[in-house]
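Listed below are the residues making up each chain.
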Amino acid sequence: MSAIVVVGAGHAAIQLAASLRQGGYDGEITLIEAEAGLPYQRPPLSKAYLSGQMEEKALALRPESFYAAQRVRLIEADPVVGIDRAGQVVRLGSGARVPYGHLVLATGAANRALPVPGAELPGVAGLRTLADTKALKAVLPDLRRVVVIGAGFIGLEFAAVAAERGISVTVIEAAPRPLMRGVSAVMSDHLAAVHRGWGTRLLTGTGVRAVVGDGRAEGVETSEGEVIAADLVLVAIGVVPNTRLALEAGLEVGNGIVVDGLLSTGDPLISAIGDCASFPMGGQMVRLESVQNASDQARSLADRLLGKPVPYARLPWFWSDQASLKLQIAGLSGGHDQAVLRGDPASGAFSVFCFRGERLLAVESLNRAAEHMMARRILAGEPRLTAGQAADPGFDLRSA
Amino acid sequence: MPKITFIEHNGTAHVVDAEIGASVMRAAVDNNVPGIDGDCGGECACATCHVYVEPEWEAVTGSRTESEETMLSFAAATKDNSRLSCQITVSDALDGLVVHMPDGQH
């Protein structure tokens, strides 16, 4: 096969390059990235790196030597600005043109902008890139009060780091509970209580009217009319997939770049993987934002490009570290109608088994790594575990 | 730099230079050794860097951490000498270490 060109150099892109070489692909691999510097891991940005437990050097997905040794060409600090499908070439911001035999869109996602007055003020920050995080890390020691808008994973992880440092934290969430999209009500309620126990003020069902301040963010006005003072406002209200290139190239775009079960767009020479891809799973189109999804889709696509096509069907799993909390999720809980507890939330370590009817959909484990591992094994097959068994501490999950 | 040998399930051996202070998982990933994924980046959260430590090296590599123990206790194909390679830190004492890989991490 001729040259494989990847737009993006995040987890999906790097894993694809690594898997292609491991699988014996001998052709050219080019990764094109808008950001400068060595491609890096994102999960530690809001966790170990921000809190100072991890050095910047350790963030690199691969060392510099990897690219030469594996013959992976990395074009950095030069965004792809257009795709010429007929000519099989991508155009870069610098004016350069890179021809492709197969093009992979691993464009990721961008932070959703806060659509209120004052959102553009200095002191309003996001947390997605290394540059974002470095800027936050630099001001962290000087912060006394922060307002976090959005109680998703990033918002709560940042809140945990800030609260641990003695910063006064307010989290404002529009939905009735935190992590509404990601976890069951029982897990969500527990996490809310733990964050409140750390001194964080968590306002749910509350909107944001404006960021206020004279030349710089000084506070946030809520939908209730309260103004909450802040030295820094972190906007963490989710992401939007980077689909512009695909859209302009005439590819189908829904909630993400639409691909089939083999992760191919409508153009057989263009695939999409990772956070930007909307793919079929369990009879519906889904788009996931996770390292597991990026890595597994990259491995699956590498297999196809190496002549071993298998429809993508890996079990989704996620994790989030919030101070002493290690939350691990296996499966997708959306649409569950029964949440079964295993273990006592008061102990700080328990799992929630989410069922729809008789069928186990997902398991959320808090500080219960072993149950998470078991859940991944059970969910990867045809789960037969019943709600009664899940709730029975005497039942050995290994026999499920 | 200490040298570490990774042996794939099919018997293919990979000898790599490992950086002192980094993890054994990093040494594999940095050198693109097939069969060690390390998806979580070394947070002991994914169990995709499972290896079997050769018996004569077990004393040098030390014992499993508590979180590693729980991850491994339910992972596939766990043996007495199973470790998560993200939890083994490279030092001069590990020069010559040999680890084997299971048949797949997923």
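To keep things clear, this report deals only with the structure shown in the data block. No experiment lies behind these values; they were computed from the predicted model shown.

### Focus on the packing of helix α1 (residues 11-22) of chain A against helix α8 (residues 291-305) of chain A
Residues and elements named next belong to chain A.
- With their axes 8 Å apart at the nearest point, α1 and α8 run at an angle of 35 degrees to one another. Where α1 crosses over α8, the two elements pack in a sense that is right-handed. Taken together, the residues of α8 that come into contact with α1 (itself represented by His 11, Ala 12, Gln 15, Leu 16, Ser 19 and Leu 20) are Val 291, Ala 294, Ser 295, Ala 298, Arg 299, Leu 301, Ala 302 and Leu 305.
- Classifying every residue of the contact of α1 with α8 by side-chain character gives 9 nonpolar, 4 polar and 1 charged.

### Examining the sheet that holds strand β3 (residues 72-75) of chain A
Residues and elements named next belong to chain A.
- Spatial ordering of the open sheet is given by β3-β2-β1-β7-β20, a layout of 5 strands whose pairing is parallel. Across the chains shown, the open sheet's two edge strands, defined by having one partner strand only, are β3 and β20 (270-272). The mean inter-strand angle of the sheet, taken between neighbouring strand axes irrespective of direction, is 20 degrees.
- Sheet topology note: the strand β7 (residues 102-105)/β20 ladder contains 3 bridges and is parallel. Residue pairing for β20: Leu 105 is matched across the bridge by Ala 272.
- Its contacts with the sheet put α1 on β1 (4-7), β2 (29-32), β3 and β7, and the angle it makes with β2 is roughly 175 degrees.
- The sheet strands contacting α8 are β1, β7 and β20, and the helix crosses β7 at an angle near 170 degrees.

### Comments concerning the sheet that holds strand β6 (residues 97-99) of chain A
Residues and elements named next belong to chain A.
- With respect to topology, 3 strands assemble into an open sheet ordered β4-β5-β6, the strand pairing being antiparallel. Either end of the sheet is taken by a strand with one partner, and the two such strands are β4 (80-84) and β6. Along the sheet, successive strands turn relative to each other by an average axial angle of 25 degrees, direction set aside.
- Here β4 runs beside strand β5 (residues 89-92); their pairing, made up of 4 bridges, is antiparallel. By the bridge assignment, Asp 84 is partnered in β5 with Val 89.

Cut-offs applied
- Residues numbered from 1 in each chain as written.
- Chains lettered and ligands numbered in written order.
- Predicted model: local features only at pLDDT ≥ 70, side-chain atom pairs only at ≥ 80, totals over all residues.
- Heavy atoms only, no water.
- Axes fitted to C-alpha atoms, helices over the stretch in contact; angles between N-to-C directions.
- Helix = DSSP H or I, 4+ residues; strand = E, 2+ residues; numbered from the N terminus.
- Left-handed = near helix turned anticlockwise from the far one by under 90°.
- Contact = heavy atoms within 4.5 Å.
- Nonpolar A, V, L, I, M, F, W, Y, C, P; charged D, E, K, R; others polar.
- Pairing = 2+ DSSP bridges.

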